[in-house]
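A structural walkthrough
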Amino acid sequence: MSNVGLKKNLETMGVFSTVTEELKNLYYKRLLPVEKHHSFQHFHSPSLDDADFDNKPMILIMGQYSTGKTSFIKYLIEQDFPGSRVGPEPTTDCFTAIMHGKTEGIIPGNALTADPKKPFRNLNTFGNKFLNRFQCAQLPNQILENITFIDTPGILTGAKKITRGYDFPAVLGWFAERVDRIILLFDAHKLEFSDELTRAFRALRGHEDKLRVVLNKADSVESQQLMRVYGSLMWSLGRVFLTPEILRVIIGSFWSEPRRVSVHSQLFELEEEDLLADIRNLPHNAALRKLNDLVKRARKVRAHAHIISYLKQEMPTIFCKENKKYDLIYQLPLIFTKIQQQCRVPAGDFPDCSKMQEKLLGHNFTKFKTLKPIHMVSLEELLSTDIAKLMPLLYQQNVRETLPGVFDGDFLGTFKPVYKKDPFQEVTIGDDGSERENREWVLGKDKPKYDEIFYSLGPNNGKLSSAKVREWMVRSQLPNSVLSQVWNLSDVDCDGMLDDEEFALAIHLIEVKREGHTLPRELPSYLVPPSKYLH
């Protein structure tokens, strides 16, 4: 990374830190006292702590079993992670947080929720049966330094009555409230809306802005079938979410294996670039997302405070308390309307009425507290003044400089190593008894046939431009993320072009990947072209 790029990233990190700290202070000063006064945590989500503000952006990966959730994560981070299993049967049976760590390992759920530096402490409210199905997979990975992924159990198909032992939709709702992006995967081969999937959709209501729907494995079906599946999916989503706006469905095949040849190959590439660009911007927009979520929470707290205060005021002092309680719960829809009109609280800020009625049944209304004017003034200052003061700080963030599309090395590629003399390189003894390096390049014997392809592409001044190389690379049918890694490994001198040796290296890496091998994170010394060694 250049000094200019590093400086810009540090400036962005500074702005992010400033905004995050200010949001944290506003929450503890303005919002938390109101939450505690009206027992917000007993009706909605638990109170936030430092880790909720300081955590990296998170992506929740959802879908029915065998839709490619785990393969999708491996495709994004370009390596396996501890505990991952892939297969046609339900292989992922737990929630797994894939996070950055210095060494590979798995942290069990109970230990994970006890760590104050991790944003999962409030998950202990779901009990041991859930915590036994929750874990963290840590591994050193460049992408995980900026983003955390949450892999989920496959959603059951059909009308199965199997119980998981914990409230699965409630756990999804907890994550949906805190993550930056929700990616919902469907399989183009078996599109089915089950009972559990419908319940999962209900848990996502209110977070539709975070949702991205992906129709995966689209290269494995014929064009006519793909269009029918796509239309059916759009129709089903419209029925479930009950909104006039249509959710966008991203079509593609998201794994590290070569795609099948399809008339829609160009469409898949464009869809892939759109999705990756969206994910790529999450770290950059993390502070804005936290601000947005805090505003949503403040609006919900304001509505909750008015509801609890109204119920308290309507309770009798001595007699018929229990009967009055049930009357108020029954009349809750009318109470919502009264509060909207009298207190000018928008209808969209109120909770789901049926869920609120269910939760109120287990509470003693006489212990509720009435509004404190100072709390309402504090909330209004937060929403109207304090948040507005933070907006200029967000606008100061500098947009990252990245290579276009597939060659965006900041997200998809690897760090460029500087190749100097390797002290561990194999050496041979010369005729005079002195040591000399073994500089015979392993690709030397195949280079003549690679040169034929190189010169057929019309190099300029002995080098091929990125546009010409990309046009040739996409014929391999490998995903763009893999081609990006091939480019970054091959462009050893980082000049944005490939000479004959670098192009030979690119062909070799593509052949290796097509044979099923994993590409290295850094280029081994024996693959470095002899002309690229720095002394």
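Everything below is about the structure shown above.
This write-up is about the structure you can find in this document. (Residues numbered from 1 in each chain as written. Predicted model: local features only at pLDDT ≥ 70, side-chain atom pairs only at ≥ 80, totals over all residues. Heavy atoms only, no water.)

Across its full length, the protein holds 19 helices and 12 strands. A burial count over the protein gives 49% of its 535 residues as buried. In the protein, 78% of the contacts between residues at least 6 apart in sequence involve partners at least 24 apart. In the form shown here, the protein has an accessible surface area of approximately 26,400 Å², with 52% of it arising from carbon and sulfur atoms. (Helix = DSSP H or I, 4+ residues; strand = E, 2+ residues; numbered from the N terminus. Buried < 20%, exposed > 50% of the residue type's maximum accessible area, 1.4 Å probe, protein only. Contact = heavy atoms within 4.5 Å. Areas by Shrake-Rupley, 256 points an atom, 1.4 Å probe, with all protein chains shown as cover.)

Assignment of secondary structure puts H38 in the loop between α1 (3-37) and α2 (40-43). Setting aside residues up to four positions removed in sequence, H38 forms contacts with H304, A305, I308, K369, T370 and L371.

Moving on to the nonpolar core. Counting residues in hydrophobic clusters, the biggest one holds 48 residues, and the most contacted among them are M62, F95, F120, F175, F186 and F201. A per-element tally of this core places helix α9 (residues 223-241) first, with 7 residues. Sequence-distant contacts of F186, defined by excluding residues within four places in its chain, comprise T67, L191, F193, L197, F201, V213, V214, L215, N216, L233 and L237. V486, L519, L523 and L527 belong to the second-largest nonpolar core, a separate cluster that totals 29 residues. (Core = buried A, V, L, I, M, F, W, Y, C linked by side-chain atoms within 4.5 Å.)

On the basis of which strands lie adjacent, the open sheet formed by 8 strands has the order β3-β4-β2-β5-β1-β6-β7-β8 and mixed pairing. The strands lining the two open edges of the sheet, one partner per strand, are β3 (105-108) and β8 (249-251). When the angles between neighbouring strand axes are averaged without regard to direction, this sheet yields 25 degrees. Pairing of β3 with strand β4 (residues 134-139), which is carried by 4 bridges, proceeds in the antiparallel orientation. When the sheet's bridge partners are listed, P108 is paired in β4 with Q135. Here α9 sits on the sheet in contact with β6 (181-187), β7 (211-216) and β8, set at roughly 150 degrees to β7. Packed onto the sheet, helix α10 (residues 265-280) meets β1 (58-63), β6, β7 and β8 and runs at close to 125 degrees relative to β8. (Pairing = 2+ DSSP bridges. Axes fitted to C-alpha atoms, helices over the stretch in contact; angles between N-to-C directions.)

Here we come to the packing of helix α12 (residues 321-330) against helix α13 (residues 332-343). In the contact formed by α12 and α13, the axes pass within 5 Å of each other and the chain directions differ by 70 degrees. As the angle between them shows, α12 and α13 are arranged roughly perpendicular. Facing L328, I329 and Y330 of α12, the residues of α13 in contact are L332, P333 and I335. By residue class, the composition of the contact of α12 with α13 is 6 nonpolar, no polar and no charged. (Parallel < 35°, antiparallel > 145°, perpendicular 65-115°, else oblique. Nonpolar A, V, L, I, M, F, W, Y, C, P; charged D, E, K, R; others polar.)

As a further point, take unusual backbone geometry. Even without being glycine, S39 reaches a positive phi, approximately 55 degrees. With respect to the helices and strands, S39 occurs in the loop between α1 and α2. Note on S39: relative accessible area 26%, which makes it partly exposed. Despite not being glycine, R344 shows a phi value in the positive range, around 55 degrees. Tracing the chain through its elements places R344 in the loop between α13 and α14 (353-360).

Take D50: it is sitting in helix α3 (residues 50-54). D50 sits in the partly exposed class, given a relative accessible area of 38%. Taking the C-alpha atoms as reference, D50 lies 9.3 Å from E21; in sequence the two are 29 residues apart.

Another point: the pattern of salt bridges. By the definition in use, this model includes 27 salt bridges. The partner of K74 in a salt bridge is D80, and the shortest N-O contact between them spans 2.8 Å. (Salt bridge = Lys/Arg side-chain N within 4 Å of Asp/Glu carboxyl O.)

What follows is about the packing of aromatic side chains. One pass over the full model with this rule turns up 24 aromatic pairs. A centroid spacing of 5.5 Å and a plane angle of 15 degrees characterise the contact between F186 and F193, whose relative ring orientation is stacked. With a relative accessible area of 24%, F193 lands in the partly exposed category. Measuring from ring centre to ring centre gives 5.0 Å for F365 and F368, while their planes differ by 25 degrees; the resulting arrangement is stacked. We classify F365 as buried; its relative accessible area is 1%. Assessed through its relative accessible area of 10%, F368 is described here as buried. Put simply, the rings of F95, F120, F126, F130, F134, Y166, F168, W174 and F175 pair up and form one aromatic cluster. Taking the ring centre of F168 as reference, the NZ or CZ of R164 above it sits at 4.1 Å. Positioned above the aromatic ring of Y326 is the side chain of K325, whose terminal nitrogen or guanidinium carbon lies 5.9 Å from the ring centre. (Phe/Tyr/Trp six-rings, centres within 6.5 Å; stacked < 30°, edge-to-face > 60°. Lys NZ or Arg CZ within 6 Å of the ring centre and 35° of its normal.)

The next thing to look at is the packing of helix α17 (residues 466-473) against helix α18 (residues 480-490). Close contact between α17 and α18 brings their axes to 11 Å; oriented N to C, the two are set at 135 degrees. Relative to α18, α17 is oriented oblique. The two elements α17 and α18 meet at a crossing, and its hand is right-handed. Facing S466, V469 and M473 of α17, the residues of α18 in contact are L483, V486 and W487. Here the contact of α17 with α18 is built from residues that sort into 5 nonpolar, 1 polar and no charged. (Left-handed = near helix turned anticlockwise from the far one by under 90°.)

Here we come to helix α7 (residues 168-178). Since the α-helix turns once every 3.6 residues, residues separated by three or four places project in the same direction. Burial within α7 is extensive, with 8 of its 11 residues counted as buried. Among the residues of α7, F168, V171, L172, G173, W174, F175, A176 and R178 are the ones counted as buried.

Right, let's talk about the environment of E196 for a bit. Within the secondary structure, E196 sits in helix α8 (residues 195-204). Residues E196 and T157 lie 39 residues apart in sequence; the distance between their C-alpha atoms is 7.3 Å. Residues within four places of E196 in sequence aside, it is in contact with I155, L156, R164 and F168. There is a polar contact of 2.8 Å between the side chain of E196 and the side chain of R164. (Polar contact = N/O pair within 3.5 Å; in protein donor to acceptor, adjacent residues only side chain to side chain.)

Buried residues of α12: K325, L328 and I329, and no others. Buried residues of α12, viewed axially, fall in a sector of 100 degrees; they line one side. Residues of α12 that are exposed and angled more than 90 degrees away from the buried face: N323 and Y330. Looking at the buried residues of α12, the elements they touch are α11 (286-314), α13 and α14. (Arc of directions from axis to C-beta.)

Any link to function would need more than the numbers given here.
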